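A look at the structure
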Amino acid sequence: MLTGCNRAAAALLTLLLCSCASAGVRFDGQWSYQQSCGWNHTANLDLAGSGPSYTGSWDDGTRVGGDSGKLKGELRDDKLFLQFCSDTGTPACPSYGEASAYLVRDKATVVWYRKFGSDYKPYLTLHEAKAGQKVPSDDQCADDEAKDDEPKDN
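What you are looking at is a predicted structure, and each value in this text was computed from that prediction instead of being measured.

Concerning unusual backbone geometry
Only a minority of non-glycine residues have a phi that is not negative, and only a minority of peptide bonds are not trans. Here the bond from T90 into P91 is cis, since omega is -10°, no more than 30 degrees from zero. By the secondary structure assignment, P91 is in the loop between strand 5 (79-86) and strand 6 (101-106). The phi dihedral of N40 is positive, around 50°, even though this residue is not glycine. By secondary structure assignment, the location of N40 is in the loop between strand 1 (29-34) and strand 2 (42-50).

So this is what it looks like as structure tokens:
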């Protein structure tokens, strides 16, 4: 039977074990996606975290247009759930929308999942953007994207 002191020690040990398990998944840093064909899609996340909370900035766009802003996130079950605000769109910063995305670490990359209806679906795989190193470029474009770059006959 656990005494009051033993119960407190057991609770502290459980808390420490849970904290260490979550502390193993890190998302800090700069993460980037770059496409070399089609729409020339690019996306960047700059994340800084402390415990389960993260803050940062984001941008996402194509050769035609895009958006940027700030983000905040909460680490739950090894997933970083993100809320965004926009510099030019809605919700306008500093007001954040609902958690509309999450990130999952996959070895040296981060997979960005976006909310579509009530489900989350994979959106992009981002690579760590380190100073002096080139981010791998995605050159796998759908046929219809490649056609958008071809000159049109009038």
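So, the pattern of salt bridges
Counted by the stated rule, this structure contains three salt bridges. Between E74 and R76 there is a salt bridge, and its shortest N-O distance comes to 3.9 Å.

Observations regarding the pairing of strand 2
As judged from the six bridges shared by strand 1 and strand 2, these two strands associate in the antiparallel manner. Each bridged residue has a counterpart across the sheet, and for Y33 the counterpart in strand 2 is A43. Where strand 2 and strand 3 (residues 53-61) come together, nine bridges link them in antiparallel fashion. Paired with D46 across the bridge in strand 3 is S57. Connecting strand 2 to the antiparallel partner strand 3 that follows it, the hairpin turn spans two residues, and G51 within it adopts a positive phi of roughly 70°.

What counts, and where the lines are drawn
- Residues numbered from 1 in each chain as written.
- Predicted model: local features only at pLDDT ≥ 70, side-chain atom pairs only at ≥ 80, totals over all residues.
- Heavy atoms only, no water.
- Helix = DSSP H or I, 4+ residues; strand = E, 2+ residues; numbered from the N terminus.
- Salt bridge = Lys/Arg side-chain N within 4 Å of Asp/Glu carboxyl O.
- Pairing = 2+ DSSP bridges.

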